[in-house]
Amino acid sequence: KPGTTSAGSAPLKFTAGVNLTTPENGAVEYDGTNYFATNSSATRFTIIKSLTSTATLEFPNTSAGTSSTLTITVTGAVDGDPVSLGVPNASNNSNSNFTAYVSAANTVTVKFNNYSTVAVDPASGTFRVTVMRY
């Protein structure tokens, strides 16, 4: 049945336990920390939990061979978490790229790297960061 906004009424809820000794096709398990799904080839996959946020970033005019950084708040992000970055097409430039990493709790730093021989001013745009949690 559908859930409600009341505590304890989730339509699907897993109880933490020990994973099966042998992965079972179609099984979904929860060990108290991670969720797992097993495919039809008996391969157990960890289901990635993700945190995501967007922000409009306006990078400054960045000199040749240097970089600029801005930050996006992602509540729950922890140092060392893997980060995926969505860059708006209009912000891309030749001989440059963007990278992202968790620089502090709840903070993702987006870095614009200018590898060209001239200054580059990327267009403002809405960037999306996704932080993966295991």
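Going by the structure above, here's the rest.
Overview of the structure.

What counts and what doesn't
Residues numbered from 1 in each chain as written. Predicted model: local features only at pLDDT ≥ 70, side-chain atom pairs only at ≥ 80, totals over all residues. Heavy atoms only, no water. Helix = DSSP H or I, 4+ residues; strand = E, 2+ residues; numbered from the N terminus. Rg over C-alpha atoms; globule rule 2.2 N^0.38 Å. Buried < 20%, exposed > 50% of the residue type's maximum accessible area, 1.4 Å probe, protein only. Contact = heavy atoms within 4.5 Å. Patch = residues over 30% accessible without salt bridge, like charges linked within 9 Å, V, L, I, M, F, W, Y side chains within 5 Å. Areas by Shrake-Rupley, 256 points an atom, 1.4 Å probe, with all protein chains shown as cover. Salt bridge = Lys/Arg side-chain N within 4 Å of Asp/Glu carboxyl O. Core = buried A, V, L, I, M, F, W, Y, C linked by side-chain atoms within 4.5 Å. Pairing = 2+ DSSP bridges. Axes fitted to C-alpha atoms, helices over the stretch in contact; angles between N-to-C directions. Phe/Tyr/Trp six-rings, centres within 6.5 Å; stacked < 30°, edge-to-face > 60°.

### Structural notes on the overall build of the protein
Scanning the protein for helices and strands turns up 0 helices and 9 strands. Tracing the protein from N to C terminus, the helices and strands come up as β-β-β-β-β-β-β-β-β. In terms of overall size, the protein is more extended than a compact globule, its C-alpha atoms giving a radius of gyration of 20 Å where 134 residues would be expected to give roughly 14 Å. For the protein, the proportion of its 134 residues judged to be buried stands at 25%. Look at the contacts in the protein between residues 6 or more apart in sequence, and 55% of them connect residues 24 or more apart.

### Here we look at a nonpolar patch on the surface
A contiguous nonpolar surface patch, about 360 Å² in accessible area, is contributed by Leu12, Phe14, Val28 and Ile47. Among the secondary structure elements, isoleucine 47 is positioned in strand E3 (residues 44-47).

### Comments concerning unusual backbone geometry
Of note in the backbone geometry, alanine 42 takes a positive phi value of approximately 60 degrees without being a glycine. Its place among the elements puts alanine 42 in the loop between strand E2 (35-38) and E3. Relative accessible area serves as the criterion here: at 35%, alanine 42 is assigned to the partly exposed category. The phi angle at asparagine 106 is positive, at roughly 70 degrees, despite the residue not being glycine. With respect to the secondary-structure elements, asparagine 106 resides in the loop between strand E7 (96-104) and strand E8 (107-114).

### What to know about the nonpolar core
Grouped together as the largest cluster of nonpolar side chains are 14 residues, with contacts concentrated most on Phe59, Ile72, Val74, Val110 and Phe127. The contacts of isoleucine 72, once residues within four sequence positions are left out, are Ser53, Ala55, Leu57, Asn106, Thr107, Val108, Val110, Phe127 and Val129.

### Let's talk about the sheet that holds E7
With respect to topology, 3 strands assemble into an open sheet ordered E5-E8-E7, the strand pairing being antiparallel. Each edge of the sheet is formed by a strand with only one pairing partner; in this case those strands are strand E5 (67-73) and E7. On average, adjacent strands in this sheet sit at an angle of 25 degrees to one another, irrespective of strand direction. Strand direction decides the pairing type here: E5 and E8, joined by 7 bridges, are antiparallel. Looking at the pairing, isoleucine 72 lines up with valine 108 of E8.

### Re the packing of aromatic side chains
Any pair of aromatic rings gets described here by the distance separating the centres and the angle formed by the planes. If you walk through the whole model with that rule in mind, you get 7 aromatic pairs. Aromatic side chains tyrosine 30 and tyrosine 35 sit 4.4 Å apart centroid to centroid with 20 degrees between the ring planes, which places their arrangement in the stacked category. The class for tyrosine 35 is partly exposed, based on a relative accessible area of 30%. Taken together through their ring pairs, the aromatic side chains of Phe59, Phe98, Phe112 and Phe127 make up a single cluster.

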